[in-house]
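# A closer look at the structure
As a plain string of letters, each chain reads:
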Amino acid sequence: MRFLGILIVLAACGGSEPTAAPEPTPAPEVAPAPAPEPEPEKVDPMEEYNALADDDARHAYLMDLGKRVYEKGEGGIACQTCHQADGKGTPGAFPPLVGQKDHMGDCQKHAGLVINGLNGELVVDGVTYNGVMTPQGELLDDLKIAAVLTYERNSWGNDYGDCSPEEVAKAR
């Protein structure tokens, strides 16, 4: 009887012969991560501008870059913040750029305003403005200033021609 009791206990406790542990399954192979895409070569914007073949291509390049500088700043303060998207300025605070050949007709004079800023009274179309224009000369390079000047000089009905980076450099 004692033998039968031990047998029952062994059977209830899994007293049979030990079985081998199952073989571990190998981890699935993980494919290596793809190599990162190489960064495109950075092209010097001035080299890109100088490589343009003709005046029409340079004008288009300056207008495109100038619009970005005017609208978004591209490292400087966006001109449209004060002069508005339509170039008509902010009445009583910031003068219009539309039709301002006296202030924008000469590239070096126009560049000097952007490079050095302006503080104090300015009369435009018989209206006196007494605001502050932040100097952009430390924030923007000659190409970006030439571009934004070209954009302003050829937008909103203005037709004052292009400004080159070389003309901006002379104004510094």
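Residues numbered from 1 in each chain as written. Predicted model: local features only at pLDDT ≥ 70, side-chain atom pairs only at ≥ 80, totals over all residues. Heavy atoms only, no water.

## Here's the deal with the overall build of the chain
We apply this condition: Secondary structure elements are taken from DSSP: a helix is a run of H or I of four residues or more, a strand is a run of E of two residues or more, and numbering for both begins at the N terminus. When accessible area is computed with a 1.4 Å probe and restricted to protein chains, residues below 20% of their type maximum are described as buried, those above 50% as exposed, and intermediate ones as partly exposed. Throughout, a contact is declared for two residues whenever any of their heavy atoms are within 4.5 Å. Accessible areas in this description were obtained via Shrake-Rupley with a 1.4 Å probe; residue shielding takes into account the shown protein chains only.
Secondary structure summary: the chain contains eight helices and four strands in total. Counting from the amino terminus, the chain carries its helices and strands in the arrangement α-α-α-α-α-α-β-β-β-β-α-α. Here the chain, with 172 residues, has 30% of them falling under the buried criterion. Counted over contacts in the chain with a minimum sequence separation of 6, partners at least 24 positions apart contribute 54%. Put simply, the chain shows about 11,600 Å² of open surface, and 57% of that area lies on carbon and sulfur atoms.

## A look at the confidence of the model for the chain
Quick note on the threshold: In predicted models, pLDDT denotes the confidence assigned by the predictor to each residue on a 0 to 100 scale.
Of the residues in the chain, 88% have a pLDDT of 70 or more, and the chain-wide mean is 86. In the model of the chain, helix 1 (residues 2–12) stands out as the element of lowest mean pLDDT, 45, in contrast to helix 7 (residues 142–153), which has the highest, 98. Every residue in residues 3–13 is under pLDDT 50, and counting partners more than four places away or in other chains gives two contacts.

## Some words on the pattern of salt bridges
As a reminder of what qualifies: By salt bridge we mean one thing: a side-chain nitrogen of Lys or Arg within 4 Å of a carboxyl oxygen of Asp or Glu.
Applying the stated criterion to the full structure yields four salt bridges. In this structure, arginine 68 and glutamate 74 form a salt bridge, with 4.0 Å as the shortest nitrogen-oxygen distance. Arginine 68 gets classed as partly exposed once you look at its relative accessible area, which sits at 32%. Several salt bridges converge on common partners, so that one network encompasses Asp64, Arg68 and Glu74.

## Digging into the state of the cysteines
Condition: The disulfide criterion used throughout: a pair of cysteine sulfur atoms within 2.5 Å.
Enumeration according to the criterion identifies one disulfide in this entry. The disulfide that involves cysteine 107 links it to cysteine 163, with 2.1 Å between the sulfurs. Sign of the S-S torsion, about -100° for the bond between cysteine 107 and cysteine 163, identifies this disulfide as left-handed. One end of the pair, cysteine 107, is in helix 6 (residues 107–116); the other, cysteine 163, is in the loop between helix 7 and helix 8 (165–171), with 56 residues separating them in the sequence. As far as burial versus exposure is concerned, cysteine 107 and cysteine 163 are alike and both buried.

## Concerning the nonpolar core
Note the cut-off: By convention a nonpolar core is built from buried Ala, Val, Leu, Ile, Met, Phe, Trp, Tyr and Cys residues, the set being connected through side-chain atoms within 4.5 Å.
With 26 residues, the main nonpolar core has Ile145, Leu149 and Val168 as its most contacted residues. The set of elements that each furnish at least two residues to this core consists of helix 3 (55–72), helix 6, helix 7 and helix 8. By residue number, the principal contributor to this core is helix 7, which donates seven residues. With sequence-adjacent residues up to four places away left out, isoleucine 145 is seen in contact with Val114, Ile115, Gln136, Gly137, Leu140, Val168 and Arg172.

## Concerning the packing of aromatic side chains
Selection criterion: Only centres within 6.5 Å qualify two rings of Phe, Tyr or Trp (six-membered ring in Trp) as a pair; their planes then separate them into stacked at under 30 degrees, edge-to-face at over 60, and tilted for everything else.
Under the criterion given, the structure shown has four aromatic pairs. Seen from their ring centres, tyrosine 49 and tyrosine 61 are 6.0 Å apart, and the 45° between their planes marks the pair as tilted. Here tyrosine 49 is found in helix 2 (residues 45–50), whereas its partner tyrosine 61 is found in helix 3, with 12 residues between them in sequence. One exposure class covers both tyrosine 49 and tyrosine 61, and it is buried. Residues tyrosine 70 and tyrosine 151 carry aromatic rings whose centres are separated by 5.5 Å and whose planes lie at 45° to one another, so their mutual orientation is tilted. Residue tyrosine 70 is located in helix 3, and its partner tyrosine 151 is located in helix 7; the two are separated by 81 residues in the primary sequence. The residues tyrosine 70 and tyrosine 151 share a single accessibility class, namely buried.

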